[in-house]
Amino acid sequence: MPVPAGGGGAEGRARRAGRAAGRALRRPFTGVARRLRRVTHAHGAGESGLAKLIELHAVNSAGDMMITVALASTVFFSVPTNEARGRVALYLAVTMAPFALLAPVVGPLLDRVPHGRRAAMAGAMLARALLALTMSGAVAGGGLQLYPAALGVLVASKAYGVVRSAVVPRLLPPRISLVKANSRVTLAGLVATGLAAPAGAGLHLLGPAWPLYGAFVVFVAGTCLSLSLPHKVDSARGEARARLASGEAGAAGGRPVKAGLRTVGPSVLHGLQANAALRALSGFLTFFLAFLLRAQPLGGLGAAASLGLVAVAAGAGNALGTAVGAWLKARGPEPIVAAVLGLALGVTVLAAVFYGVMAVVVVTAVAATAGLCQALAKLSLDAMIQRDVPEGVRTSAFARSETALQLAWVVGGAIGISLPLIGVVGMVVAAGLVAVGAALAGRGLLGAGRRGGSAAPRVA
C-alpha cells in the first residue's frame, strides 16, 4: 500500500523536519518584516499610500549609500592623503560645479511635469541603476570616466529628493501632520543607510565593483516601487508655480494677490535662509572633517576609527533631531529654527575655542549637533510651508526649497575642500557659516514666533 506524500517513514520525517527548520529560520526575518510593516502602515499611512513612499525612500537611501561606499573607497581611501585631496578636488570640480548650475533648474523643470511624478522618480532610480553599472567598470582604476557618471548619479539623486518632497503632501493621511510624515520618511532613510553601509563594506571585500552591483539591484527594485505608488501622486489638481520671495509689499495694501510664496510673509523665507546655513555647515563638515581626521586622527584612534566615530555621532544626532521634531510637531516652528541656529552657533564657537584641548569631544559634539540641528530645522521648514503656503503652490514650494538647500550643501562642501587642514580654522569657518544664517534669519524668526507665525494675506 503506497504511503501518502509527507506521510510516515524516514523520508516523510526528514521532509517534516526540513520544513520545520525552514520555518524556524524564516521566523525572525518574517517577524521583523511584519513589525516594520506595522510601523510604516500605522495611523492610516497604509491606506493613503504614504507607507509605500516610506519604503521607497528606504530603498533610495540604501542604494545611495552603496554608491557612496564604492566612490569613497576609490576616491578617498585607496590613495595617500595628499593624492586623495587632489582626487576629491577633481571630483568636486567635475561633479559639484556642473551640479551647482543644474540644481536651480531642477525645481522649475519638475514643475512642468506634475502629471509624471511616479515616472520621474522611477526614471531617477533607473538612471542610477544604469550609471552604477557604468561606474563598475571604472571604479577600480579611478579613471576620469568615473566622474561624469558620478555627476549623473548626483543629479538623479537630488531630482528624486525634490520630487519626493513634493509628493509627501499628496499622500498625507488625515491623522498625520506633514512634520510627522517627513519624520517617518527620514527615519526610514536613516535606518536603511545604517544597514546598507556595512553591507556595502562587505561587498567591497569581494571587489571594488561589487557595491555598485548591489546598488544596481537596489535601484531596480526602487524603479518598480516608484511605479507602484498611488495614482494621486501624479495629480496636479489645484497646483500653481511658486516663487521664493517674502513679498510683504505685495500684501501691504490689503489687495488680493496672485497665489505664490510672496503671499505668505517672511517666515518661509527666513526658515529657508536658516536651513541653507545649516545645510552649508553639513556639507562643510563632511569634506573638512574627512580630510582632517585622515591626516590627524583623534587621540588614541586611527583614521578609520576617527571617521567612524564622527559618522556615528552625526547619524545619531540626525535621528535624534528627527524624533524630537515629531514630538515638537505642535510647537511653533520659528522658535525651533531660531533655537537650533543658536545651538549650532554656540557649539561651533566653543569648538573653535577648545579644539586644541579636547579634540575628540569637540569633533564628536560638532558632528552630532550639526546632524540634530539640520534635522530639526528641516522639519520645521516643512511645517512652515504646510501652514503658510497656499494649497495651490505648496507642492512647487517644496520642490524649489529642496533645490535651494541642496545647492547650499554644495557651497559648504566646496569651502571645506579648499581650507588648510587646521582644526581651529575649520571650527572658526563652521561658526562663521552658522553666524551668517543667524544674522540673516534669526531676528525675523523670533519676531514671527512672537506673532504666532506669519499671517498670509488674502489670496486671489
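In what follows, the accompanying structure is described.

Thresholds, definitions, all that
- Residues numbered from 1 in each chain as written.
- Predicted model: local features only at pLDDT ≥ 70, side-chain atom pairs only at ≥ 80, totals over all residues.
- Heavy atoms only, no water.
- Helix = DSSP H or I, 4+ residues; strand = E, 2+ residues; numbered from the N terminus.
- Buried < 20%, exposed > 50% of the residue type's maximum accessible area, 1.4 Å probe, protein only.
- Contact = heavy atoms within 4.5 Å.
- Areas by Shrake-Rupley, 256 points an atom, 1.4 Å probe, with all protein chains shown as cover.
- Axes fitted to C-alpha atoms, helices over the stretch in contact; angles between N-to-C directions.
- Parallel < 35°, antiparallel > 145°, perpendicular 65-115°, else oblique.
- Left-handed = near helix turned anticlockwise from the far one by under 90°.
- Nonpolar A, V, L, I, M, F, W, Y, C, P; charged D, E, K, R; others polar.
- Expected span 1.5 Å × (residues − 1).
- Arc of directions from axis to C-beta.
- Phe/Tyr/Trp six-rings, centres within 6.5 Å; stacked < 30°, edge-to-face > 60°.
- Core = buried A, V, L, I, M, F, W, Y, C linked by side-chain atoms within 4.5 Å.
- Polar contact = N/O pair within 3.5 Å; in protein donor to acceptor, adjacent residues only side chain to side chain.

**A word on the overall build of the protein chain**
Check the secondary structure of the protein chain and you find 15 helices and 0 strands. Within the protein chain, the proportion of its 460 residues that are buried is 51%. Of all intrachain contacts in the protein chain linking residues separated by at least 6 positions in sequence, the fraction that spans at least 24 positions is 84%. Element-wise, carbon and sulfur atoms account for 68% of the exposed surface of the protein chain, whose accessible area totals about 20100 Å².

**Topic: the packing of helix 12 (residues 333–354) against helix 13 (residues 359–388)**
Following both chains from N to C, one finds helix 12 and helix 13 inclined at 165 degrees, their axes separated by 9 Å at the closest point. Classified by the interaxial angle, the pair formed by helix 12 and helix 13 is roughly antiparallel. Pair helix 12 / helix 13 crosses with left-handed handedness. The segment helix 12 lies against helix 13, with Pro-333, Glu-334, Ile-336, Val-337, Val-340, Leu-343, Ala-344, Val-347, Ala-351 and Phe-354 engaging Val-362, Ala-365, Val-366, Thr-369, Leu-372, Cys-373, Leu-376, Ala-377, Ser-380, Ala-383, Met-384 and Arg-387. Looking at side-chain class alone, the contact of helix 12 with helix 13 contains 18 nonpolar, 2 polar and 2 charged residues.

**Quick look at helix 5 (residues 117–136)**
Given a rise of 1.5 Å per residue, 20 residues ought to cover 28 Å, and the 29 Å separating the end C-alpha atoms of helix 5 matches this to within 8%. What helix 5 keeps buried is the set Arg-117, Arg-118, Met-121, Ala-122, Ala-124, Met-125, Arg-128, Ala-129, Ala-132, Met-135 and Ser-136. Angularly, the buried residues of helix 5 cover 155 degrees about the axis, an arc narrow enough to put them on a single face.

**A word on the packing of aromatic side chains**
Evaluated as defined, the whole model comprises 3 aromatic pairs. Ring plane angle 85 degrees and centroid distance 5.4 Å describe the contact between Trp-210 and Tyr-213, whose orientation is recorded as edge-to-face. With Trp-210 and Tyr-213 both in helix 8 (residues 210–227), this residue pair falls 3 residues apart, about one helical turn. Taking the relative accessible area as the measure of exposure, Trp-210 reaches 40% and is therefore partly exposed.

**Some words on the packing of helix 5 against helix 8**
In the contact formed by helix 5 and helix 8, the axes pass within 8 Å of each other and the chain directions differ by 165 degrees. Between helix 5 and helix 8, the angle falls in the class roughly antiparallel. With respect to the hand of their crossing, helix 5 and helix 8 are arranged in left-handed fashion. Seen from helix 5, the contacting residues are Arg-118, Met-121, Ala-122, Met-125, Leu-126, Arg-128, Ala-129, Ala-132, Leu-133, Met-135 and Ser-136; seen from helix 8, they are Leu-212, Tyr-213, Ala-215, Phe-216, Phe-219, Val-220, Gly-222, Thr-223, Ser-226 and Leu-227. For the contact of helix 5 with helix 8, the residue count by class is 15 nonpolar, 4 polar and 2 charged.

**Details of the nonpolar core**
Among the nonpolar cores identified, the biggest contains 97 residues, and Leu-53, Ile-67, Met-135, Leu-289 and Met-427 are the most heavily contacted of them. Setting aside its immediate chain neighbours within four residues, Ile-67 contacts Ala-132, Met-135, Val-153, Leu-212, Ala-215 and Phe-219.

**What to know about the environment of Val-162**
Note on placement: Val-162 falls in helix 6 (residues 146–167). Sequence separation between Val-162 and Ser-401 is 239 residues, and the spatial gap between their C-alpha atoms is 8.5 Å.

**A look at the side chain of Thr-223**
Considering the arrangement of structural elements, one finds Thr-223 in helix 8. Judged by its relative accessible area of 13%, Thr-223 is buried. At 3.3 Å, the side chain of Thr-223 forms a polar contact with the backbone nitrogen of Leu-126. Those residues in contact with Thr-223 that lie beyond four places of it in its chain are Ala-122, Met-125 and Leu-126.

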